[in-house]
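# Examination of the molecular architecture
If you want the building blocks of each chain, they are given just below.
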Number of protein chains: 2
Amino acid sequence: MILCDIGNTTVDWFIDGKASKQSVDNFDPHLYTDKVCYINVNTKLSSLLGSLDHWYDISQLVDRDKYYPTMGIDRVMVCEAISDGVIVDAGSAITVDVMCNGHYEGGFISLGLRSAQEAYRQLSPALAESFNFEVDLTIMAKNTPDAITIGFLAPLIDKINSLGKPIYVTGGDSCLFSSLLPDVIMDDHLVFKGMQKLIEKGQLC
Amino acid sequence: MILCDIGNTTVDWFIDGKASKQSVDNFDPHLYTDKVCYINVNTKLSSLLGSLDHWYDISQLVDRDKYYPTMGIDRVMVCEAISDGVIVDAGSAITVDVMCNGHYEGGFISLGLRSAQEAYRQLSPALAESFNFEVDLTIMAKNTPDAITIGFLAPLIDKINSLGKPIYVTGGDSCLFSSLLPDVIMDDHLVFKGMQKLIEKGQLC
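The rules behind each value
Residues numbered from 1 in each chain as written. Chains lettered and ligands numbered in written order. Predicted model: local features only at pLDDT ≥ 70, side-chain atom pairs only at ≥ 80, totals over all residues. Helix = DSSP H or I, 4+ residues; strand = E, 2+ residues; numbered from the N terminus. Rg over C-alpha atoms; globule rule 2.2 N^0.38 Å. Buried ≥ 20, exposed ≤ 12 C-beta atoms within 10 Å, placed from the backbone. Contact = placed C-beta atoms within 7 Å. Nonpolar A, V, L, I, M, F, W, Y, C, P; charged D, E, K, R; others polar. Least-squares fit on C-alpha atoms with pLDDT ≥ 70 in both. Pairing = 2+ DSSP bridges. Axes fitted to C-alpha atoms, helices over the stretch in contact; angles between N-to-C directions. Domains from an automatic or database assignment. Core = buried A, V, L, I, M, F, W, Y, C linked by C-beta atoms within 7 Å.

Helix and strand content of chain A: six helices and ten strands. Its C-alpha atoms give chain A a radius of gyration of 19 Å, within 12% of the compact-globule value 17 Å for 205 residues. Taken along its principal axes, the extent of the C-alpha atoms in chain A is 60 × 40 × 30 Å. By the burial criterion, 40% of the 205 residues in chain A qualify as buried.

In this section: the interface of chain A and chain B. Facing 35 residues of chain A, the contacting portion of chain B comprises 35 residues. For the side of chain A that touches chain B, the secondary structure elements donating two or more residues are β7 (93-100), β8 (103-111), α3 (113-123) and α4 (144-162) of chain A. It is α4 of chain A that contributes the most residues to the side of chain A that touches chain B, eleven residues altogether. When the residues that make up the side of chain A that touches chain B are grouped by side-chain class, the tally is 22 nonpolar, nine polar and four charged.

On to the relation of the copies chain A and chain B. For the pair chain A and chain B, the relating rotation is 180°, the translation along its axis is 0.0 Å, and the fit reaches an RMSD of 0.1 Å. As the rotation angle and translation indicate, the two copies are arranged about a two-fold axis. Of the C-alpha atoms belonging to chain A, the one lying closest to the rotation axis is found on proline 155 of chain A, 2.3 Å away. With an isologous cut-off of 70% or more, the 100% of interface residues of chain A that recur at the interface of chain B puts this contact in the isologous class.

Attention now moves to the sheet that holds strand β1 (residues 2-6) of chain A. Two pairing modes exist for strands in a sheet, parallel and antiparallel, and in both the strands are linked by backbone hydrogen bonds. Residues and elements named next belong to chain A. Strand order across the open sheet formed by five strands is β3-β2-β1-β4-β5, with mixed pairing between neighbours. The open sheet has two edge strands with one neighbour each: β3 (18-23) and β5 (55-57). On average, adjacent strands in this sheet sit at an angle of 25° to one another, irrespective of strand direction. Note: β1 against strand β4 (residues 36-40), five bridges, orientation parallel. Bridge pairing links cysteine 4 to tyrosine 38 in β4.

In this section: unusual backbone geometry. For aspartate 16 of chain A, which is not glycine, the phi torsion reads 50° and is therefore positive. By C-beta crowding, aspartate 16 of chain A is classed as exposed, having 6 other C-beta atoms within 10 Å. Even without glycine at this site, aspartate 183 of chain B takes up a positive phi of about 60°. Residue position: aspartate 183 of chain B is located in the loop between α5 (174-180) and β10 (185-186).

Turning to helix α3 (residues 113-123) of chain B, a few remarks are in order. Along α3 of chain B, the positions that sit buried rather than exposed are Leu113, Ser115, Ala116, Gln117, Ala119, Tyr120 and Leu123 of chain B. Each element contacted by the buried residues of α3 of chain B is listed here: β7, β8 and α3 of chain A together with β8 (103-111), α4 (144-162) and α5 of chain B.

Moving on to the domain arrangement of chain A. What the domain assignment lists for chain A is domain 1 (2-63 + 195-202) and domain 2 (82-186). When each unit is reduced to the centre of its C-alpha atoms, the spacing between domain 1 of chain A and domain 2 of chain A is 28 Å.

This part takes up the pairing of strand β3 (residues 18-23) of chain B. Residues and elements named next belong to chain B. With respect to burial, β3 is a largely exposed element, only zero of its six residues being buried. Pairing of strand β2 (residues 10-15) with β3 involves six bridges; the strand directions are antiparallel. Following the sheet pairing, threonine 10 is matched in β3 by serine 23. As consecutive antiparallel partners, β2 and β3 are separated by two residues, and within that stretch aspartate 16 has a phi angle of approximately 50°, a positive value.

Right, let's get into the nonpolar core. Ile87, Val88 and Met195 of chain A together with Ile87, Val88 and Met195 of chain B are the most contacted members of the largest nonpolar core, which has 116 residues in total. Residues contacting valine 88 of chain A, with those up to four places away along its chain left out, are Ile94, Val96, Ile160, Ile167, Tyr168, Val169 and Phe177 of chain A.

What follows is the structure, given as structure tokens:
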């Protein structure tokens, strides 16, 4: 089975249990003759993908009433992968979602690590520092890099821990987050697991 | 006594218990013939202010060993105003500092409300929403404005509350923050109170 997650800048593949990535600029869906199950947030490619017989849009299989209308399809997919837990998708934004016995309880969206550091940089040259991922997030800071790291990460990590459920971490910054959250389950393929679950339910592909 | 807090864009005055503000563009320190006690972060004005006999730089009275070297003088002043408590200065950045029996315990720096909203906007047009200050911060969100509001504010408010001390709020967004924090002490003049305390200790002006 070929799974494909199409974003605005990259295309992620999951073929026979192996993940790979390519730039959207080099992406030509005509090259694939096998059936491909996909999700897509790239509006420029929607018509083309919709016109190809062997490309199946998995988003059609989602019971959208479980979620809210403007919720991104990637975020829906990571939720579909987990029936009970907190799912942290640490990418350009950090989405935090809560699933409880297969029901979506809601979530929130924080800035991503790079986005937050850029926002500090834009506030003041004095705050144009890199986060210090070695800092103890339970203390108060006495220097600028620690002050912005603790200011951004400590409240977020505390909030995620306070939700009292198993924590699953995925996304490009998952390694960094898993080092900050104890007993976390790191899984870089949650979006594909969600797609697979939906396909199995819908008997598609 | 005339107190003056000089920033990069505005100059704040505190004269006979009354606060006022002016643009730095219209600021001419020669116009004042009475003694003025000031703090200044505007490097363009440092030499001029230093050359005027009746302008006293209050930052000289601070025991800088209590704080850290790169800590802003405005932030030091609000700490000097409080001997025991958490001080939240909600301006372009949100600084949170902890004082314990007159000792500085450290703090952290969050993005300001406008800065955070701008960072969400830059991340994605889908996140270019205004914060919803009516939202219940204790729940998980099921729409985008609530998701970014809870994502930014709920962890921060929880963290401030968890510090377990009386909370003092100052700065331009103090009203908004005081509505989110129960039993908070709102004080728009903390920076001037800190200056006054230092002056009384130092017998200056």
